[in-house]
2 protein chains.
Amino acid sequence: MGAVTNSLPAGLHTVRRHNAGLVLDAIATRPGISRAGIAARTGLAKATVSGSIDRLVAANLIVDTGPQTRSGRGRRGTGLTLSPSGPHGLGVEIGVDYLATCLVDLAGTTRAHRIRACNNRTRSMRQVMAHVARAVRAALDEAEAMGAPVGGIGIAVPGLVESSGMLRTAPNLGWRDVDVRAELATRVDLADRPIIVGNEANFAATAELLSAESGDLRDFVHITGEIGVGAGIIINGALLAGVHGFSGEIGHVCVDPDGLLCGCGARGCLETMAGQDAIMSNAGVPANGRPPAHLIDTLTERLAHGDPAALDAARTAGRALGIALAALINIIDVPVVVLGGSYGALEPWIGPPILDELATHVISAPWEPPQVLRSQLGAEAAVRGAAAAAVQDILADPENAMASARSAT
Amino acid sequence: MGAVTNSLPAGLHTVRRHNAGLVLDAIATRPGISRAGIAARTGLAKATVSGSIDRLVAANLIVDTGPQTRSGRGRRGTGLTLSPSGPHGLGVEIGVDYLATCLVDLAGTTRAHRIRACNNRTRSMRQVMAHVARAVRAALDEAEAMGAPVGGIGIAVPGLVESSGMLRTAPNLGWRDVDVRAELATRVDLADRPIIVGNEANFAATAELLSAESGDLRDFVHITGEIGVGAGIIINGALLAGVHGFSGEIGHVCVDPDGLLCGCGARGCLETMAGQDAIMSNAGVPANGRPPAHLIDTLTERLAHGDPAALDAARTAGRALGIALAALINIIDVPVVVLGGSYGALEPWIGPPILDELATHVISAPWEPPQVLRSQLGAEAAVRGAAAAAVQDILADPENAMASARSAT
DNA sequence: ATTTGTTCGTTCGGGCTCTGAACGTAATGT
DNA sequence: ACATTACGTTCAGAGCCCGAACGAACAAAT
């Protein structure tokens, strides 16, 4: 009889939490806003806002940047901004052929970023995790040297991750049933910092949601094309995780029941027509061990020169993507598609066929015409998203972070 | 930076609302529960529960059914149940060839139910709405005669309905851009009762969610097979509506890019292989103007007797459903499928091929094997769901209904 | 029949949170 | 210099939940 979504009892503290989140959200959205402005935006009383601000400042989540420089009558407000020295999020991405880390502050700006090429396909899970642990230690040290406290860690993995954080399978890594959080915690001293483990496509979507470029985009599907094809679905500013956390596996949506056999055992999966390997082999771009970024460059060059095989491969991939995305839009009604990963670079060629298919297959297209946008974030989307998600957890429940800040003092 | 889901400021009243919903939910889930039991279940203090109960009783949402008959030591609790004379929900379904109404009490039991056959395809929107208005008036009168106050109305429509209640298109009715709520309000005096307009498939899913038979099922896809094919997606006990409210249009998911042309203009839609018309014509069941229920009976008879054409049609439909549902499950990770509408009766024949396709195409199947269940609700699911949704709105925010009850006194 | 132990529902004081109005402060325009 | 406008703080007030204590109801043991 699920009438009440959150089945925890509410108390006064709940109100505080919620309102603190509201205040912080206002500051994040409009940096430099004054207390009065926050009161007007949130609908809270000025007194309430002031109190909340005091506590947020004490926890070093926000800073008072002094009087606003604003023309007009009356006393000037004092500007408030997310604290640059507040808790940071550390993002880690365990890719198939690279390992990336990045450090993001409360405002979402990247403070440090590092990517290491390495073939994780051939190495064992232990070896890879040892490497991850070294990278995390290095990143933590670097953060400390910068005076950037790390308040949470996000780990992006190319596979099915349960909401609990358990990695069920990562086909391209050859991993099964790995508790990534535990594996990391035994190798690095993380000092009780919260760790979020998630799917790379979902984190990439989160990154897109939080990126300044995308503005007020709060409903979209972000589709990532790397070795696999994954989607992250954002509805009303929140990731749709599904029951276990396995949502967004669009790569294995059946696009043609008589199609090619996929590595998963099924026939006609989207990946067999729009995965990076498929596009490259259809386009005749040799995949002899070159880094993926180089392959994409070669492909776009050929496309720009009008190579027929390349154009055909792009059209095929676009159509397949269009059919799969049409299914997605018909099913969950999210008519904005953001092309991320390597699809971003291919947008000029795959965008039109995608739009064509969406126009014919999406039943609500006449009323809400689907849009296809291009992500501004490159391959770094997933790491940034992982870091940003860690930060977001702090931002969403500041009262929590403030409690730990108090106990640490 | 959408960190906070609900951007309204919270106050003391918010807490009250939430907790009242919690208490009511506990009573709905476990009728006859005592105050102490509620306190234990919800985590609220006994004092808080008692206060909440007092107000809920005053609003006639619940009733005190006297001392519990329970063995064991200690004082017996006093049982609490949803009030049988509390506000009822009136459900209306505007079908393609019928018009149904039903009256549901707070506990979800149907108190009255009526279905009228009528060909709404050939009549104009005004004629149909006039008919609907008469039916609603009759139902309101009947409710009053029964001493069952109507607290809200739900209207199920076979088409795309925006969250605002605007019906964008109902292909099988030939309607476009109809404000069903307004059309009804001008024809019947509804006395400020809230009206919810929604898609029939979504309401059917709601009915399944709230039906006692389905127990603790809080995550599933309910799939309705009538003239069209629709899905209602329930995640964590809540309907996934999508951005505009257009979710669940699985009937036009492309199952075969080289398939038959659908009425929507696209090729290979699920409906062309698993819609009622398609199944019947594939099975060779003549559709000469007979009521749909009769057609299904004929089909199941033939299937039971092993008619090859019928078996083949069922297998084809099952496969197509399986492919479309696999896409849905891959995308949103809801691995429980409930077959409703006429699919319920066909479950013995379409269930196995659906499961086969799910097993091959769903990428998470090895970890979370998809299930296919059969709905116990028949064709009445949508009306009941509409009525239940109206009731649910009262139950979810009792403090609101209590306020109106007070002002009415 | 009485006592004991358990459970239930209510009462009451305490603490916490938001609110609204009043107040002091800062900047602008006349 | 003064009126005006806007900002941030202070303070009393009211509302809500909680925990403990209390009386009531009931079963089992004495």
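Residues numbered from 1 in each chain as written. Chains lettered and ligands numbered in written order. Predicted model: local features only at pLDDT ≥ 70, side-chain atom pairs only at ≥ 80, totals over all residues. Heavy atoms only, no water.

Visitor: Got a minute to help me understand the domain arrangement of chain A in this structure?
Guide: Buried accessible area, meaning the area lost when the parts come together, often serves as the stated size of an interface. Segmentation of chain A into domains returns domain 1 (12–82), domain 2 (88–205 + 382–408) and domain 3 (217–376). Look at where the C-alpha atoms of domain 1 of chain A and domain 3 of chain A centre, and you get two points 41 Å apart. (Domains from an automatic or database assignment.)

Visitor: What am I meant to see in the packing of helix α9 (residues 292–304) of chain A against helix α10 (residues 308–332) of chain A here?
Guide: A pair of packed helices is characterised by two quantities: the angle between their axes and the separation of those axes. Residue and element names in this part refer to chain A. Between α9 and α10, the shortest axis-to-axis distance is 8 Å and the interhelical angle comes to 110°. Taken together, the axes of α9 and α10 lie roughly perpendicular to each other. For the pair formed by α9 and α10, the contact residues are Leu299, Arg302 and Leu303 on the first element and Ala310, Leu311 and Ala314 on the second. (Axes fitted to C-alpha atoms, helices over the stretch in contact; angles between N-to-C directions. Helix = DSSP H or I, 4+ residues; strand = E, 2+ residues; numbered from the N terminus. Parallel < 35°, antiparallel > 145°, perpendicular 65-115°, else oblique. Contact = heavy atoms within 4.5 Å.)

Visitor: How do you make sense of the pairing of strand β3 (residues 88–94) of chain B when you look at a structure like this?
Guide: The side chains of a regular strand alternate, first on one face of the sheet and then on the other. Residue and element names in this part refer to chain B. Of all 7 residues in β3, 7 are buried, a share of seventy percent or more. Along β3, one buried face is formed by His88, Leu90, Val92 and Ile94 and the opposite face, lined by Gly89, Gly91 and Glu93, is buried too. Here β3 pairs with strand β4 (residues 98–104) via 6 bridges, running antiparallel. In the sheet register, Gly91 faces β4, and the bridge partner there is Cys102. Once β3 ends, the chain turns through 3 residues before running back antiparallel as β4. (Buried < 20%, exposed > 50% of the residue type's maximum accessible area, 1.4 Å probe, protein only. Pairing = 2+ DSSP bridges.)

Visitor: I keep staring at empty space enclosed by the protein and nothing clicks. Help me out?
Guide: The method is simple in principle: a probe with the dimensions of a water molecule rolls over the atoms, and the space it marks as empty is what remains. Residues and elements named next belong to chain B. Under the defined criterion, the tally for this structure stands at 4 cavities of 30 Å³ or more. In this structure, the largest cavity occupies an estimated 120 Å³ of space. Forming the boundary of the largest cavity are 14 residues, of which Val104, Gly108, Leu210, Ser211 and Ala388 lie nearest the centre. Secondary-structure elements contributing two or more residues to the lining of the largest cavity are α6 (200–210) and α12 (381–396). Looking at the lining of the largest cavity, the element that brings in the most residues is α12, giving 6 residues. For the lining of the largest cavity, the residue count by class is 8 nonpolar, 4 polar and 2 charged. (1 Å grid on protein atoms, 1.4 Å probe; cavity = no way out; pocket = protein on both sides within 12 Å on 5 of 7 lines; lining within 4 Å. Points joined across faces, edges and corners; volume = space filled by probe spheres on them. Nonpolar A, V, L, I, M, F, W, Y, C, P; charged D, E, K, R; others polar.)

Visitor: Would you take a moment to explain the protein's contact with DNA strand C for this structure?
Guide: Taken together, 26 residues surround DNA strand C, and among them Arg76(A), Ala36(B), Ser50(B), Arg75(B) and Thr78(B) come closest. When the atoms of DNA strand C within 4 Å of the protein are sorted by group, sugar and phosphate make up 70%. Arg35(B) places a polar main-chain atom, nitrogen or oxygen, 3.2 Å from a phosphate oxygen of DNA strand C. Ser50(B) is positioned with one of its side-chain polar atoms (N or O) 2.3 Å from a phosphate oxygen of DNA strand C. Residue assignment for the surface near DNA strand C shows that the elements contributing at least two residues are α1 (12–29) and α3 (46–58) of chain A together with α2 (35–42) and α3 (46–58) of chain B. Per-element accounting of the surface near DNA strand C gives the leading share, 4 residues, to α1(A). Partitioned by chemical class, the residues of the surface near DNA strand C number 8 nonpolar, 9 polar and 9 charged. (Near = heavy atom within 4 Å. Polar contact = N/O pair within 3.5 Å; in protein donor to acceptor, adjacent residues only side chain to side chain.)

Visitor: Would you explain the protein's contact with DNA strand D in this entry?
Guide: The full set close to DNA strand D counts 26 residues, and Ala36(A), Ser50(A), Arg75(A), Thr78(A) and Arg76(B) are the nearest of them. Backbone atoms, meaning sugar and phosphate, form 73% of the atoms of DNA strand D found within 4 Å of the protein. Between Ala36(A) and DNA strand D, the recorded distance is 2.7 Å, taken from a backbone N or O atom to a phosphate oxygen. It is helix α1 (residues 12–29) of chain B that provides the largest number of residues to the surface near DNA strand D, a total of 4 residues. Within the surface near DNA strand D, the residues separate by chemical class into 8 nonpolar, 9 polar and 9 charged.

Visitor: So what exactly am I meant to see when it comes to helix α6 (residues 200–210) of chain A here?
Guide: Every α-helix carries 3.6 residues per turn, so stepping three or four residues along brings you back to the same face. Where burial is concerned, most of α6(A) is hidden: 11 out of the 11 residues are buried. With a side-chain oxygen lying 2.8 Å from the backbone nitrogen of Ala201(A), the N-terminal cap of α6(A) falls on Asn199(A).

Visitor: Whenever I open this one, the sheet that holds β4(B) confuses me. Can you help?
Guide: Across a sheet, paired strands are connected by hydrogen bonds in the backbone, their directions being either parallel or antiparallel. Residues and elements named next belong to chain B. The strand order across the open sheet formed by 5 strands is β5-β4-β3-β6-β10, and the pairing between neighbours is mixed. What marks the edges here is a single partner per strand, and that holds for β5 (110–117) and β10 (195–199). When strand polarity is set aside, the average angle formed by the axes of neighbouring strands in this sheet is 15°. Here 7 bridges tie β4 to β5, and the two strands are oriented antiparallel to one another. Bridge pairing in β5 links Leu103 to Ala112. The sheet contacts of α12 involve β3, β4, β5, β6 (150–157) and β10, and relative to β3 the element is tilted by about 145°.

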